[in-house]
Amino acid sequence: MGYRYGYNNGQGEWTHLTVNEEKPLLEWLLENLKESRSKVKATLQGRGIKVNGKCVTQFDFPLQPGMKVAVSKSKRNQQAFKSKYVKIVYEDRWLIVVEKNVGILSMAAGHSSLNVKSVLDDYFHKSRQNCRAHVVHRLDRDTSGLMVYAKDMETEQILEHNWHDIVYDRRYVAVVSGEVKEEGGTIANWLKDNKAYITYSSPVDNGGKYAVTHFHVLDRTTDHSLVEYKLETGRKNQIRVHSADMGHPVCGDVKYGNGDDPLHRLCLHAYMLCFTHPVTHERMEFETLIPGGFKHLFK
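Heads up: these notes are all about the structure in this document. Here the structure is a predicted model, which means the values were calculated and not measured.

Conventions adopted
- Residues numbered from 1 in each chain as written.
- Predicted model: local features only at pLDDT ≥ 70, side-chain atom pairs only at ≥ 80, totals over all residues.
- Heavy atoms only, no water.
- Helix = DSSP H or I, 4+ residues; strand = E, 2+ residues; numbered from the N terminus.
- Rg over C-alpha atoms; globule rule 2.2 N^0.38 Å.
- Buried < 20%, exposed > 50% of the residue type's maximum accessible area, 1.4 Å probe, protein only.
- Contact = heavy atoms within 4.5 Å.
- Areas by Shrake-Rupley, 256 points an atom, 1.4 Å probe, with all protein chains shown as cover.
- Lys, Arg positive; Asp, Glu negative; His and termini not counted.
- Charge placed at Lys NZ, Arg CZ, Asp CG, Glu CD.
- Salt bridge = Lys/Arg side-chain N within 4 Å of Asp/Glu carboxyl O.
- Axes fitted to C-alpha atoms, helices over the stretch in contact; angles between N-to-C directions.
- Parallel < 35°, antiparallel > 145°, perpendicular 65-115°, else oblique.
- Left-handed = near helix turned anticlockwise from the far one by under 90°.
- Nonpolar A, V, L, I, M, F, W, Y, C, P; charged D, E, K, R; others polar.

**Quick look at the overall build of the protein**
And then number 1: Counting its regular elements, the protein contains seven helices and 17 strands.
And then number 2: Whereas a compact globule of 299 residues would reach a radius of gyration of roughly 19 Å, the protein reaches 21 Å, a difference of no more than 12%.
And then number 3: Dimensions of the protein, computed from C-alpha atoms along their principal axes, come out at roughly 65 × 45 × 35 Å.
And then number 4: Considering the protein as a whole, with its 299 residues, one finds that 49% of them fall into the buried category.
And then number 5: For the protein, the share of sequence-separated contacts (at least 6 apart) that also reach a separation of at least 24 residues comes to 64%.
And then number 6: With an accessible surface of roughly 15,100 Å², the protein has 50% of that area assigned to carbon and sulfur atoms.
And then number 7: Charge-centre separation for the protein: the mean point of 41 positive side chains lies 6 Å from the mean point of 36 negative side chains.

Take a look at the structure:
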């Protein structure tokens, strides 16, 4: 299942049309817009098509009679955002949800490091949006997956101060080393950093932060297991430390792993993010596909 959501910036002029027959979106647009095929595809890819108020980029999206289609007239909305590290999943005037690739930091650290925040700031500048990306939560450089950034300080404050009430489901999927025998379970302990910034766990309160992770095995071989993790708390390196605590560290983890590195990457992906919108209070549910390389190991 792809993303359940996708939006445009809501600015600019739109042409509104009503669907009167069942058809895939691209086919219907080609019949109803006086535009070339390449222009229609560019508008779709550039987030310039809405169906029932939600931005859709999927060519074969199934239209049903009665649905409302809006087509952006402004050129700006049709500048497809291009980055090999960041994919925009959803955007409105208050926040932006992205899927980040491995190898990019969530925010700047040190000199001119590649990071999602600066990629988004550049995009906002180029699309003439008077805003900046405000960091609300982080993913490690080598973890891929879904992240949300606020577009203004007020939204950032609401998200930051009420994060645990606003986010009602956050899940990761990981390839871990070895065959996990249990179907699922819960790991709970205290996590604390040592002076070298290595997080270590303790079954008793060590002055660190209490951390709870629920896990469920999706697939397994004798060498590896595909595990879904649901976070109850979001501590630094939580899944990586808890995986190692289980005796099944995340593959490709140079910090807490055992050298098992089948895909030459940290095999951890934030694939589900569900939260209540900080301003509209709508339930926002995003889900990405499990990375192909992960699934390939269990063919």
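**Some details on the pattern of salt bridges**
And then number 1: A complete count under the given rule lists 17 salt bridges for this structure.
And then number 2: The closest approach of N and O atoms between D169 and R171, which form a salt bridge, is 2.8 Å.
And then number 3: Each member of the salt-bridge network shares a partner with another, and the members are D169, R171, E228 and K230.

**Some points on the packing of helix α1 (residues 25-32) against helix α2 (residues 37-45)**
And then number 1: Where α1 meets α2, the closest approach of the two axes is 10 Å, and the angle between their N-to-C directions is 130°. Classified by the angle between their axes, α1 and α2 sit oblique to one another. α2 is crossed by α1, and the crossing has right-handed handedness. Facing α1, whose interface residues are L25, L26, L29 and L30, α2 presents R37, V40, K41 and L44.
And then number 2: Looking at side-chain class alone, the contact of α1 with α2 contains six nonpolar, no polar and two charged residues.

From the geometry alone we can't say anything about function, so treat these as descriptive.
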